[in-house]
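# Overview (structure and organization)
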Amino acid sequence: MEIGIVGLPKSGKTTVFNALSRGSADISPFSASTAKPNLGVAKVPDPRLKILVDIFNPRRTVPAEVRYIDFPGTPEGLTRSQGITGEFLNLLQRTDALLHVVRAFPNPSVPHVEGNVDPHRDLVSMDMELAFADLAILERRVERLGSELKSAKASEREAKQREHAILDRIKGELGREMPIREQQLSAEGAKLLENFQFLTAKPMLIVWNIGEEDVPQAAELEEKLRGQYARPGVEVAALCGKLEMELAEMEEGEEAEFRKAMGPGESGLSRGIRLSYALLGLISFFTVGPDEVKAWTIPCNTPAVRAAGKIHSDIERGFIRAEVISFDDMARCGSLAEARKKGLLRLEGKTYQVQDGDVITFLFNV
Ligand SMILES: Nc1nc2c(ncn2[C@@H]2O[C@H](COP(=O)(O)OP(=O)(O)O)[C@@H](O)[C@H]2O)c(=O)[nH]1
Ligand SMILES: [Mg+2]
């Protein structure tokens, strides 16, 4: 699972990327765009892991991960460029979701491409760029289908006509500024869309990149922004990329101390990662034991047999049963022996839909 970071130049994309992935990609107020995108991995914070570690005392703990790609900026600013094209578009199309960084920090030493800071304007303008990229593809496809229809054999005619009608409607709505993810699609339309990788169909996390001085009001602001911008498939987080990056660069103990001094509540960083995980429709199940406590990532509605395949294809192939206990029951019991005594370990078959937080032991035979 991969999340593409987009946003206008100097909105703080690379800064946010560094914070999320604890990386050290180049940031600078004036640098020309680097040619290569930055790739990084974030560990998904999950307080349940610590509780499982206290119970099982494993040698290793492995959290879930999300991958991020930070795209090199378009030098002139998207508003003045030819939009998202070429290699940049290809890479972006392959991602599973977008993280849209919007500049809301003042910082006079970093000139804004538009001359002043206006996050709403930037958000709309980047969203339009994403829509333009989709529109260009839709237009080409609709036009092509139109001309193919003229010479189509009778046997192909109906299918092409239907595709033409569906895509033309999607195009029309997108032209009226309705992103594809918000459009009401028939089952046939949704199926058809699987052949494309439209940008406005991807879930999106808006990161409102606030200045250091606004951090104390972050939660309040986020609530307000959520009312304004959140939709199905769109979430909002307000955080200060620069501060989060500086904290992410610190030693673990030092970071914890600083965060404590900043007050209670979840950190911006942890919220950002958690929200992007949830936005992708991802959940975690756990495997436990003296060697390792590990969080595994699966899409919701995954059957047990496929979850097993995440761990090893042999376990999927030789699947017999899954021994399952919910996280809450596990935490309450304090040991697998106690859980067994209380009858809280369930035996589930191949088709059981794994739930978020399930602690699972797979029984298999190869
Ligand atoms: N004051 C402040 N500066 C920031 C913040 N986020 C990014 N910057 C600065 O803005 C400049 C551009 O950031 P960068 O991450 O390279 O932007 P990108 O072009 O979108 O990748 C850098 O000098 C950052 O230090 C922030 O939250 N507060
Ligand atoms: Mg950058």
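Residues numbered from 1 in each chain as written. Chains lettered and ligands numbered in written order. Predicted model: local features only at pLDDT ≥ 70, side-chain atom pairs only at ≥ 80, totals over all residues. Heavy atoms only, no water.

### Let's talk about helix 1 (residues 13-21)
With nine of nine residues buried, helix 1 lies mostly within the body of the structure. Among the residues of helix 1, those classed as buried are Lys 13, Thr 14, Thr 15, Val 16, Phe 17, Asn 18, Ala 19, Leu 20 and Ser 21. Note on helix 1: the residue one or two positions beyond its end, Arg 22, has a positive phi of about 50°. (Buried < 20%, exposed > 50% of the residue type's maximum accessible area, 1.4 Å probe, protein only. Helix = DSSP H or I, 4+ residues; strand = E, 2+ residues; numbered from the N terminus.)

### Topic: the nonpolar core
Counting 45 residues, the largest nonpolar core has Ile 84, Leu 92, Leu 130, Leu 167, Ile 206 and Trp 208 as the members making the most contacts within it. Per-element accounting of this core gives the leading share, 10 residues, to helix 4 (residues 119-151). Both domains that meet at this core, namely domain 1 (2-118 + 201-279) and domain 2 (130-199), each give it at least three residues. Excluding residues that lie within four positions of it along the chain, Leu 92 makes contacts with Val 6, Phe 71, Ile 84, Leu 98, Leu 130, Leu 199 and Lys 202. Counting 41 residues, the second-largest nonpolar core is a separate cluster that includes Leu 99, Tyr 277, Phe 286 and Val 359. (Core = buried A, V, L, I, M, F, W, Y, C linked by side-chain atoms within 4.5 Å. Domains from an automatic or database assignment. Contact = heavy atoms within 4.5 Å.)

### Details of the sheet that holds strand 4 (residues 65-70)
Strand order across the open sheet formed by six strands is 2-4-1-5-6-7, with mixed pairing between neighbours. What marks the edges here is a single partner per strand, and that holds for strand 2 (38-43) and strand 7 (234-239). Ignoring strand direction, the axes of neighbouring strands in this sheet form an average angle of 25°. Sitting on the sheet, helix 10 (residues 268-279) is in contact with strand 1 (2-6), strand 2, strand 4, strand 6 (204-210) and strand 7, with an inclination near 170° to strand 7. (Pairing = 2+ DSSP bridges. Axes fitted to C-alpha atoms, helices over the stretch in contact; angles between N-to-C directions.)

### Let's talk about the site of ligand 1
Taken together, 20 residues are adjacent to ligand 1, and Lys 10, Lys 13, Thr 14, Thr 15 and Asn 209 come closest. The backbone of Lys 10 places a nitrogen or oxygen atom 2.9 Å from an oxygen atom of ligand 1. Considering ligand 1 on its own, with 570 Å² of exposed area, one finds that the protein chains cover 92% of that surface. Going through the elements one at a time, helix 1, strand 6 and helix 8 (241-248) are the ones with two or more residues in the shell around ligand 1. With three residues, the top contributor of residues to the shell around ligand 1 is helix 1. For the shell around ligand 1, the residue count by class is eight nonpolar, eight polar and four charged. (Near = heavy atom within 4 Å. Polar contact = N/O pair within 3.5 Å; in protein donor to acceptor, adjacent residues only side chain to side chain. Areas by Shrake-Rupley, 256 points an atom, 1.4 Å probe, with all protein chains shown as cover. Nonpolar A, V, L, I, M, F, W, Y, C, P; charged D, E, K, R; others polar.)

### Some points on the packing of helix 1 against helix 8
Taken N-terminus to C-terminus, the directions of helix 1 and helix 8 make an angle of 35°; their axes are 8 Å apart at the nearest point. The crossing of helix 1 and helix 8 is left-handed. Each of Thr 15, Val 16, Asn 18 and Ala 19 in helix 1 lies in contact with helix 8, whose residues at this interface are Gly 241, Lys 242, Glu 244, Met 245 and Ala 248. Looking at the contact of helix 1 with helix 8 residue by residue, the class counts come to four nonpolar, three polar and two charged. (Left-handed = near helix turned anticlockwise from the far one by under 90°.)

### Brief notes about the domain arrangement of the protein chain
Interface extent is often summarised as the accessible area lost during association of the parts. Domain parsing of the protein chain yields domain 1 (2-118 + 201-279), domain 2 (130-199) and domain 3 (301-364). Distance from the C-alpha centre of domain 1 to the C-alpha centre of domain 3: 33 Å. With five residues of domain 1 in contact, the opposing surface of domain 3 contributes nine residues. Between domain 1 and domain 3, the buried area comes to about 570 Å², and carbon and sulfur atoms account for 80% of it. Among the residues domain 1 hides against domain 3, the three largest losses belong to Arg 48, Ile 55 and Phe 56. Together they make up 73% of the total. (Buried area = accessible area lost by both parts, 1.4 Å probe.)

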